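Okay, here's what each chain looks like letter by letter:
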Number of protein chains: 2
Amino acid sequence: MSAYDDLMAFQRETEALGSIAGRLSWDQETVMPRGAAEQRGEEMAAIEGVLHARRIDPRVGEWLDKAEAPDAVGEAQLRHIRRSYDRTRRVPARLAAELARTTSVAQGVWAEGRAAEDVSAFTPTLEKVVSLVREQAECLADGGDPYDALLDDYEPGATADSLTGMFGAMRPRLVNLRDRILGAAHQPPAVAGEFPEAAQLALSRELAGAFGYDFHTGRIDKAVHPFSSGSGRDVRITTRTAADDPFNCLYSTIHETGHACYEQAIDPAYAMTPVGGGVSMGVHESQSRLYENQIGRSRAFTGWLHGRMVDTFGDIGIDDPEAFFGCVNRVHRGFIRTEADEVQYNLHVLLRFDIERQLIDGSLAVADLEEAWNARFEADFGYPVDRPSNGCLQDVHWSVGLFGYFPTYSLGNVYAGCLHAALREAVPDLDGALAAGDTAPATGWLRDNLQRHGGLYRPREVVERACGFAPSEAPLLDYLEHKFGAIYGV
Amino acid sequence: MSAYDDLMAFQRETEALGSIAGRLSWDQETVMPRGAAEQRGEEMAAIEGVLHARRIDPRVGEWLDKAEAPDAVGEAQLRHIRRSYDRTRRVPARLAAELARTTSVAQGVWAEGRAAEDVSAFTPTLEKVVSLVREQAECLADGGDPYDALLDDYEPGATADSLTGMFGAMRPRLVNLRDRILGAAHQPPAVAGEFPEAAQLALSRELAGAFGYDFHTGRIDKAVHPFSSGSGRDVRITTRTAADDPFNCLYSTIHETGHACYEQAIDPAYAMTPVGGGVSMGVHESQSRLYENQIGRSRAFTGWLHGRMVDTFGDIGIDDPEAFFGCVNRVHRGFIRTEADEVQYNLHVLLRFDIERQLIDGSLAVADLEEAWNARFEADFGYPVDRPSNGCLQDVHWSVGLFGYFPTYSLGNVYAGCLHAALREAVPDLDGALAAGDTAPATGWLRDNLQRHGGLYRPREVVERACGFAPSEAPLLDYLEHKFGAIYGV
């Protein structure tokens, strides 16, 4: 056995153990008995301990020193393994343990502070988290930019500078579009009717299938917060239902189907290796958002969906497919990122990106977070935050130490905008298929041009290869202005 | 930290990882997508590899050499850990790997042979399994009796000699009872009616609750072969349904509830330690069989169940609780162990025990297995085996290398007989409660006198402590002859 073979055999087992940890998380969010939470914590800690030990195993370093990649796939494998090895080793065990302990407690403190609408109750805890994350970032940066080092965990190769340019170009156009839409005379209708849970879930399964989700290697369950989980031949998704809002269930399912189809489409030859998973959060989000928005909320597809809704639920309060298209794309005032429409969603993310960079570089104190948040929100959305649970306490991310994660949501939207433009070029009659509920020309193009590669190329590289042009924010903004301009007549 | 504390901290993580492996098996049998089987095999191999490495970790030996138990519980912990450490180290890695590989293939060959009713197609594979298991047994025996060494894996402290005495006393009385019953003039009726799956499962949940199963730390799902899984605060059970036989579902559930309640009742102070699980297969089976048979098929409890059946399903073809009691306890001709009634079940096990001992000591060749099986079956059951799937190919156990496992089923029945006798002494008005569907006096007595101890005492010891007398086959045989003599008038 060569050093490369030894390393890959070892890594394959690590991947299998990582897959097990993911399966435990799925179990916890879907089927686990409530009383098992504490025990599960101990189980998770045990498997994480095993994984951590393997990631910093000195043999990995020795193999990496000697290993010669047999081909381009092998080079990508080594790149992923070295990256994980270096990052894990840079954070001292003491700091990793303190971060784990602190964020585990902080999540509870955050939830209490949010429930009590009391930012100050969370401030000391968040200060501690931010301080530890800054320390972690400096270890990871190894002399480079600390925020970039955090970002690199979710989006390898991305930098705050490049994102700042991109987001800076997006913000004024999005604010302007949002302003025009919310002031428009025409406002689309809302659905009204009876939407039984079983019927929502049945249509949800049909939609997942229509987008190419393979139930032979997956399943759908309910969860409080929808997510997709797993890779290779076991990729599961979850959804949720709301009695008066069927779109919550249906579009959550389509979104998670996008994530899951990406994993299911990766070349099986890469299974149980570092190259065998989605390459970054941003590219992952590009797939889920493209399935959900550019395809799922297109005029053509919603025309088909309107018929399926009426078949399923009877009278939904909207007879006309054109009005239904407006309804599905309704832009509405709101404070919550996860409930935001396509137009305003990125404004929520841009706000968080700018604020978290300041928290990490120290130019904003945690004590001043609420004030900064509220000022920025009013500037971008046009109305003031009414309470902390609608403001800086709405997301769990910072309490669990996730800094550098938020921008990948908007980067995913930017990539989706690019891929959508390229897809339209490549498949001129896309709308003809979508109008019949047939997504295969779209999902097939994505599978062949992007998804199958998994982690073979770098994130930005795989998008550029698929598109045939360098990714930028322009296609997304053009798409949004065109689509919503038409719907709202602005 | 003392050596004992170090060892226990290490062991606690091992237990947590073992718990994860068990959870994966549950997932595989209940919710896993079918296409994930191969990937799951790789995941299971990875976690088993981690567990194996921990079980033979030389530090365990060093800690064991130095550790001083702080109390009686600590002594039990050390006993369990040393036993596992010694057993694991005695089997060479080469042999363990070959056994794993061979049995993994053998299970498929067995299934094909059974489907084709072709013993000879399975013979060469079973010969290889038996040969490897004999080798393993000799390693484990360390100069002692090989079969006892295998048995010890499932029932620490039990020996073939002691079981032979016990089973030898059972066989003639059981054959005689079976003979009288099947020749009796009176034969109980069978149920007839509509038994929708949802109603079966709802009543099944009610029964699990009635026997004290805690859904806060458990759940019920469907599986092809019912089982219970997990320990501590996450103990799940499964059941199955048959459209025309509601008892299949209901009594499978009660059986698995017995296993699960044992695990749920163990002192929480022992959680995630070797003492925190059921002490042996035999003691485990004593709980499941006692719940299922001595309680669940008692005249008093079936009187209550009859009412709940009629409430649930309407007309079930039997109006009279006395006739219903006979129906639930019907003794019938049949070839399959898992479908056998209380009277004939142990005859199935005794047959397997005698044959597998001969396979291990070499006095019976695998090539002669079918002939030996069929001769013994006809002698004990009174009619000939009609085909291999109803004979020596019916059970999966031997194909996966489980030798020494079968006798624990009958030992469990023997223990259940003893515990039932002691329970009747301790709770004179047990039937009054059972007639109202109240199992608490029975399950509470078992919890307080046996279940809560987990692995604190040795298997036979914990039964004897609960009973107040040395376990023997007599109470079981007396109970069977009395109960079935009355039902059949023989």
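Cut-off values and rules
Residues numbered from 1 in each chain as written. Chains lettered and ligands numbered in written order. Predicted model: local features only at pLDDT ≥ 70, side-chain atom pairs only at ≥ 80, totals over all residues. Heavy atoms only, no water. Domains from an automatic or database assignment. Contact = heavy atoms within 4.5 Å. Buried area = accessible area lost by both parts, 1.4 Å probe. Salt bridge = Lys/Arg side-chain N within 4 Å of Asp/Glu carboxyl O. Polar contact = N/O pair within 3.5 Å; in protein donor to acceptor, adjacent residues only side chain to side chain. Helix = DSSP H or I, 4+ residues; strand = E, 2+ residues; numbered from the N terminus. Nonpolar A, V, L, I, M, F, W, Y, C, P; charged D, E, K, R; others polar. Buried < 20%, exposed > 50% of the residue type's maximum accessible area, 1.4 Å probe, protein only.

### Things to note about the domain arrangement of chain A
How big an interface is tends to be stated in terms of accessible area lost as the parts join. Residues and elements named next belong to chain A. Per the domain assignment, the segments making up chain A are domain 1 (3-154) and domain 2 (155-490). In this structure, domain 1 and domain 2 have C-alpha centres spaced 26 Å apart. Contacts between the two partners involve 43 residues from domain 1 and, on the opposite side, 58 residues from domain 2. Buried surface at the junction of domain 1 and domain 2, both sides included, amounts to about 4300 Å², of which 65% is carbon and sulfur. Looking at the side of domain 1 facing domain 2, the largest losses of area belong to Trp26, Tyr147 and Tyr154, adding up to 20% of the total buried there.

### So, the interface of chain A and chain B
Each side of the interface is counted separately: chain A has 34 residues, and chain B has 34 residues. Surface buried jointly by chain A and chain B totals about 2800 Å² across both partners, of which 59% is contributed by carbon and sulfur atoms. Taken together, chain A and chain B are joined by 6 salt bridges. Across the pair Asp27(A) and Arg236(B) runs a salt bridge whose closest N-O atoms are separated by 2.7 Å. Counting the contacts that link chain A with chain B gives 18 residue pairs in polar contact (both at pLDDT 80 or more). The set of elements that each furnish at least two residues to the side of chain A that touches chain B consists of helix H1 (3-30) and helix H2 (37-55) of chain A. By residue number, the principal contributor to the side of chain A that touches chain B is H1(A), which donates 10 residues. Among the residues making up the side of chain A that touches chain B, the classes are represented as 14 nonpolar, 8 polar and 12 charged.

### Some points on the pattern of salt bridges
One side chain can pair with another of opposite charge once the charged atoms of both are near each other. The final tally for this structure, using the stated rule, is 72 salt bridges over all chains. Here Glu117(A) and Arg387(A) are joined by a salt bridge, their closest N and O atoms 3.4 Å apart. Here Glu117(A) is found in the loop between helix H5 (93-115) and helix H6 (119-141), whereas its partner Arg387(A) is found in the loop between helix H15 (369-381) and helix H16 (406-426), with 270 residues between them in sequence. Exposure remark for Arg387(A): the relative accessible area of 40% places this residue in the partly exposed category. The partner of Asp152(B) in a salt bridge is Arg83(B), with the nearest N and O atoms 3.4 Å apart. With Asp152(B) in helix H7 (residues 146-154) and Arg83(B) in helix H4 (residues 72-90), this pair connects stretches of sequence that are 69 residues apart. Exposure remark for Asp152(B): the relative accessible area of 19% places this residue in the buried category.

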